Amino acid sequence: GGPAQQPAASASGRKRPAPGGGEQQEPPAGGNAEQTRRLVGKLARDQHRETLPAGVAGKVNAFVGQNDLHVASELRDIAYARLSKSWSSFCAEVLKPEAEKGNLDVIVKISKTNSYFQGTNVTSIAKIARLKGFTVDREGPSFVFSWGGQDSARRLPGLF
């Protein structure tokens, strides 16, 4: 055969022995997250954009695993995943029993709400509730969660 091909230098420029002889490149500095960040930036530049379309970074993460892309959609996906998990428990254990009693809304102390959403600020709790289709009001130390739409008793003056 012809001359042996030399492996290209890695980002670190170091080579290491490969199994079975020869040399193998070390992975570039920064690992998977750094490689993905560079790739995403290159994809955006190739499309003559500053950033990729909304949601693409989340799809990249879903395919290659959690990365550090430094984009809002990545952080939003992380937050929504946490909030959605907490919301499922809160809805099943607090809101659903009230709906089963025939109630269209419920007053829940913020301290009780916080026990389901540990470490989450009240603004984010209200946002996830609205995202799920609920109306949320704050009355003193409590939230009022409402799922009655326009017909909710709290929205019809004079009923109470």
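So, how was this worked out
Think of each chain on its own: its residues are numbered from 1, step by step along the sequence as written. Residue-level local features of this predicted model are given only where pLDDT is at least 70; pairs of side-chain atoms are given and counted only at 80 or more, and the full residue set underlies all totals for whole chains, interfaces and linings. To get the side-chain values, take all heavy atoms of the structure and skip hydrogens and water. Pairing between strands is defined by DSSP: at least two bridges between the two strands are required. Numbered from the N terminus, helices here are DSSP runs of H or I no shorter than four residues, and strands are runs of E no shorter than two. Axis definition: a line fit to C-alpha positions, over the contact stretch in the case of helices; interaxial angles, taken between N-to-C directions, run 0 to 180 degrees. Throughout, a contact is declared for two residues whenever any of their heavy atoms are within 4.5 Å. Salt bridge, as applied in this entry: a Lys or Arg side-chain nitrogen positioned within 4 Å of an Asp or Glu carboxyl oxygen. Burial classes: relative accessible area under 20% of the type maximum marks a residue as buried, over 50% as exposed, and values in between as partly exposed (1.4 Å probe, protein chains only).

Caption draft 1: Region of the structure containing the pairing of strand β4 (residues 135-139). As judged from the five bridges shared by β4 and strand β5 (residues 142-146), these two strands associate in the antiparallel manner. Counted as the bridge partner of Val 136 is Phe 145 from β5. Counting the residues that bridge the hairpin from β4 to β5 gives two residues, and of these Gly 140 lies at a positive phi of roughly 60°.

Caption draft 2: Quick peek at the sheet that holds β5. Judged by pairing direction, the sheet is antiparallel, and its three strands sit side by side in the order β3-β5-β4 without closing on themselves. Among the strands making up the open sheet, the edge pair consists of β3 (105-109) and β4. Within the sheet, the average angular offset between the axes of one strand and its neighbour, ignoring direction, is 25°. In terms of strand pairing, β3 meets β5 through five bridges, oriented antiparallel. Within the sheet, the bridge partner assigned to Val 108 lies in β5 and is Phe 143. Packed onto the sheet, helix α3 (residues 72-100) meets β3 and β5 and runs at close to 125° relative to β3.

Caption draft 3: Spatial organisation of the pattern of salt bridges. All chains considered together, the criterion is met by two salt bridges. Among the ionic pairs, Lys 96 bridges to Glu 100, the shortest N-O distance being 4.0 Å. Of the two residues, Lys 96 and Glu 100 are both situated in helix α3; the distance of four residues between them amounts to about one turn of the helix. Judged by its relative accessible area of 47%, Lys 96 falls in the partly exposed class. Judged by its relative accessible area of 59%, Glu 100 falls in the exposed class. Measuring nitrogen to oxygen at the nearest pair gives 3.2 Å for the salt bridge that ties Lys 101 to Glu 98. Look at Lys 101 and you get exposed, because its relative accessible area is 61%. Residue Glu 98 is classed as buried on the basis of its relative accessible area of 18%.

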